[in-house]
Amino acid sequence: MQLEVQLAEAHRRLEAGDRSGAAACYTEVLRRQPDNAEALLGLGGLHLEAGRHGHGRELVLRALEAPMRSPREVLRLASGLHAIGESGFLRTVASQIPLSAWGSASQLVEFARSLAASGLHREADGCLDEALRREPDLPTANYLKAEQDIAFGRFESASQHIDRVLAVLPDDPGSHWLRSRLRLPEPEGRIPRLRALLARAADTAARAWLGHALHNELHDLGAYDEAWEALQLGAAAQRQRVHYDLEASRALTAALLRVSAAELKHEDGHHDRRLRPVFIVGHYRSGTTLVERLLGGHPAIATAGESFGFPTVLRRESGLHFRGESHEHAVLTRERHDHGRMGRGYLELLRWQAGERPFVTDKLPGNVHNLGAIARALPGALIVHVHRDPLAVGLSNFRTLFGQACPYSYDLREFAEYHRRQALLMAHWREVLPPGRLVEIDYATLVRDPRSALAPVMAALGLDFDPAMLDLGRKGDAVATASAVLVRDGLRRDRDGLVAAYAAKLGPLAEALGLPLPGA
């Protein structure tokens, strides 16, 4: 009973913002019962929150071996495993718990959310199917199922699940935005409703969802001036919601520019002849998803999507639990890192996704900040950089509601500065990476002639181009990125033409990038 009192007190202190008091309660519980999962996960979460990755990870993994006394503890374990990037362990947990063991549909949805966030989309799908069998009209289950449907290319089903949400919650901003992504016919019938909802939206989250939703519908109608006005409202609202540490971003770039060619020649990484990773990097919305989709059509190449595998091993090695793909601290402490251990750890994280295939893609665009560490830790890895017209990629970023990712993308001038710094960084990587490690692909060439654009990649991998690679609409695998809908259209050669539609609005971006506007 005393343990329950201590755990309740820890919860009370957390709600009051007393982190040190909560930690003391959890510590006392563990002194009395070292395998108490709730205390292990609670204390582990506090360590991660404070940036202490090693301590936090150790406690979460101890909880993995502890007896689970309630579904609530399993949900916290799933959240903890996601936080430390251990999707393989989470997959094992999911396989060991029968769906019938979950007490409610809401618990199944919460578990599915952690699974989907960790790239375990098939497992998440099964949980959601069971949740909807129990409660067919549960809004959270239908919303997450719609997201899963979009990832798997089941667009008609996605529309039906969104309709179920809106039947219960007709004003739900997120559902209106999710529906706008499907490019359904007759957008003019939905636009008045979106205008009315946006006019009375009470908070920044609702304005962000609804502004982007209205933009998408007006854009599909070809009403570009009105679409831009809606986009500006949505982007401004989202910019208020995200945290963009500009100085930290600049410091990271500056630290990376000091990585030398000499240090990348050290032969202290890990080479595995059974599995060779292919890192696909560039700006978000530059075509990285399209490249992965094409490569994933080859029978020898598995796809891992936007894996955080390398940031995960970077956190382990640097000891810092940071947000995003990289951190200045991880760069400044690089000479203390065991690069062989990093390489081995990374491949172990992705091995379940690779299966028996000898190649696996990892298309996290932000790994552009980790190319030096990748080259050193994984000497067999191939790096593919995708570049796209700066105005086109800037517009595409500005039009996309990323959530907490890409916080620089909701302001055109902030995006321009980020773009300039990434251009400097890529010029640096071209200079210092060992020969043969980097292949560059131009987006315009890719959509015009994918076989030609991918030829250097296939040659570097020792593979022949397979016609099945061109089947972008193939079913059965998930695409959980902002390009999930567009990438199944096939090769779209008109995407960069959108710059002309918004040319009159892109003056600030062109000026900041030092580029002329089209037709100017």
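Presented here is a report on the structure given in the accompanying data block. Worth saying up front: this structure is predicted, and the values here are computed from it rather than measured.

What counts, and at which threshold
- Residues numbered from 1 in each chain as written.
- Predicted model: local features only at pLDDT ≥ 70, side-chain atom pairs only at ≥ 80, totals over all residues.
- Heavy atoms only, no water.
- Helix = DSSP H or I, 4+ residues; strand = E, 2+ residues; numbered from the N terminus.
- Rg over C-alpha atoms; globule rule 2.2 N^0.38 Å.
- Contact = heavy atoms within 4.5 Å.
- Areas by Shrake-Rupley, 256 points an atom, 1.4 Å probe, with all protein chains shown as cover.
- Lys, Arg positive; Asp, Glu negative; His and termini not counted.
- Charge placed at Lys NZ, Arg CZ, Asp CG, Glu CD.
- Buried < 20%, exposed > 50% of the residue type's maximum accessible area, 1.4 Å probe, protein only.
- Pairing = 2+ DSSP bridges.
- Core = buried A, V, L, I, M, F, W, Y, C linked by side-chain atoms within 4.5 Å.
- Phe/Tyr/Trp six-rings, centres within 6.5 Å; stacked < 30°, edge-to-face > 60°.
- Lys NZ or Arg CZ within 6 Å of the ring centre and 35° of its normal.
- Axes fitted to C-alpha atoms, helices over the stretch in contact; angles between N-to-C directions.
- Expected span 1.5 Å × (residues − 1).
- Salt bridge = Lys/Arg side-chain N within 4 Å of Asp/Glu carboxyl O.
- Polar contact = N/O pair within 3.5 Å; in protein donor to acceptor, adjacent residues only side chain to side chain.

### Brief notes about the overall build of the protein
Secondary structure assignment for the protein yields 26 helices and 5 strands. Here the C-alpha atoms of the protein give a radius of gyration of 23 Å, agreeing with the 24 Å that 2.2 N^0.38 yields for 520 residues. For the protein, the spread of C-alpha atoms along the three principal axes comes to 75 × 60 × 45 Å. The contacts in the protein between residues at least 6 apart in sequence include a share of 71% that link residues at least 24 apart. Of the roughly 22,000 Å² of accessible surface on the protein, a fraction of 51% belongs to carbon and sulfur atoms. Side-chain charges in the protein split into 64 positive and 65 negative, and the spacing between the mean points of these groups amounts to 2 Å.

### Regarding the pairing of strand S1 (residues 276–282)
Counting buried residues along S1, 6 of its 7 residues qualify, which places the element largely inside the surrounding structure. Sheet analysis places S1 next to strand S3 (residues 359–362), joined by 4 bridges and oriented parallel. Among the inter-strand pairings, Val278 is bridged to a residue of S3, identified as Thr361. Relative to strand S4 (residues 382–387), S1 runs parallel, the two sharing 5 bridges. By the bridge assignment, Val281 is partnered in S4 with His385.

### As for the side chain of Glu417
Mapped onto the secondary structure, Glu417 falls in helix H22 (residues 412–432). Assessed through its relative accessible area of 15%, Glu417 is described here as buried. Residues within four places of Glu417 in sequence aside, it is in contact with Leu246 and Arg250.

### Remarks on the nonpolar core
Most often, soluble globular proteins keep nonpolar side chains buried together rather than apart. Trp228 and Leu509 are the most contacted members of the largest nonpolar core, which totals 52 residues. In contact with Trp228, not counting residues within four places along its chain, are His215, Leu395, Phe398, Leu412, Tyr502, Lys505 and Leu506. Ranked by size, the runner-up nonpolar core spans 47 residues in total, among them Ala22, Ala23, Leu90 and Trp102.

### Comments concerning the packing of aromatic side chains
With the rule as written, the count across this model stands at 12 aromatic pairs. Consider the rings of Tyr284 and Phe402, whose centres lie 5.7 Å apart with planes at 70°: the pair is edge-to-face. Here the residue Tyr284 occupies a position in the loop between S1 and helix H16 (288–295), and Phe402 occupies one in the loop between helix H21 (390–399) and H22, the gap between them amounting to 118 residues. The exposure class assigned to Tyr284 is buried, which follows from its relative accessible area of 11%. By way of ring pairs, the aromatic residues Tyr224, Trp228, Phe398 and Tyr502 are connected into one cluster. It is Arg315 that lies over the ring of Phe322; its NZ or CZ is 4.9 Å from the centre. Looking at Arg388, its charged tip hangs above the ring of Tyr443, at a distance of 4.6 Å from the centre.

### Digging into the sheet that holds S3
Pairing is parallel in the open sheet, where 5 strands are placed in the order S2-S3-S1-S4-S5. Taken across any chain shown, the strands that pair with only one partner, and hence form the sheet edges, are strand S2 (301–303) and strand S5 (438–442). On average, each strand axis in the sheet is tilted by 25° relative to the strand beside it, whichever way the strands run. Contacts between H16 and the sheet are confined to S1, S2, S3, S4 and S5, with S1 contributing the most and set at about 155° to the helix. Across the sheet, helix H24 (residues 450–461) touches S1, S2, S3, S4 and S5, and the angle it forms with S5 is around 160°.

### Some remarks on helix H9 (residues 139–151)
End to end, H9 covers 19 Å across 13 residues, agreeing with the expected 18 Å (1.5 Å per residue, within 8%). Counting buried positions over the 13 residues of H9 gives 11, a clear majority of the element. Buried residues of H9: Pro139, Ala141, Asn142, Tyr143, Leu144, Lys145, Ala146, Gln148, Asp149, Ile150 and Ala151, and no others. Downstream of H9 by one or two residues, Gly153 has phi in the positive range, about 80°.

### Here's the deal with the pattern of salt bridges
The full count for this structure, using the stated rule, is 37 salt bridges. In this structure, Arg91 engages Glu123 in a salt bridge whose closest nitrogen and oxygen atoms are separated by 3.6 Å. Here Arg91, found in helix H6 (residues 87–96), pairs with Glu123, found in helix H8 (residues 121–134); they are 32 residues apart in sequence, far enough to count as distant. Looking at Arg91, the relative accessible area reads 36%, which means it is partly exposed. Taking the shortest distance from any N to any O, the salt bridge between Arg239 and Glu414 comes out at 2.8 Å. On the criterion of sequence distance, the pair formed by Arg239 in helix H14 (residues 224–241) and Glu414 in helix H22 is long-range, its members being 175 residues apart. Shared partners join several salt bridges into a network, and the residues in it are Asp125, Asp129, Lys145, Asp149 and Arg154.

### Digging into the side chain of Ser396
Structurally, the position occupied by Ser396 is in helix H21. Side chain to side chain, Ser396 and Arg285 meet in a polar contact 3.1 Å long. Contact partners of Ser396, with chain neighbours within four places excluded, come to Arg285 and Arg388.

### Considerations on the environment of Arg113
By the secondary structure assignment, Arg113 is in helix H7 (residues 105–117). Each C-alpha atom of the pair Arg113 and Ala124 lies 7.0 Å from the other, and the pair is 11 residues apart in sequence. The residues touching Arg113, leaving out its near neighbours within four places in the chain, are Thr140 and Leu144.

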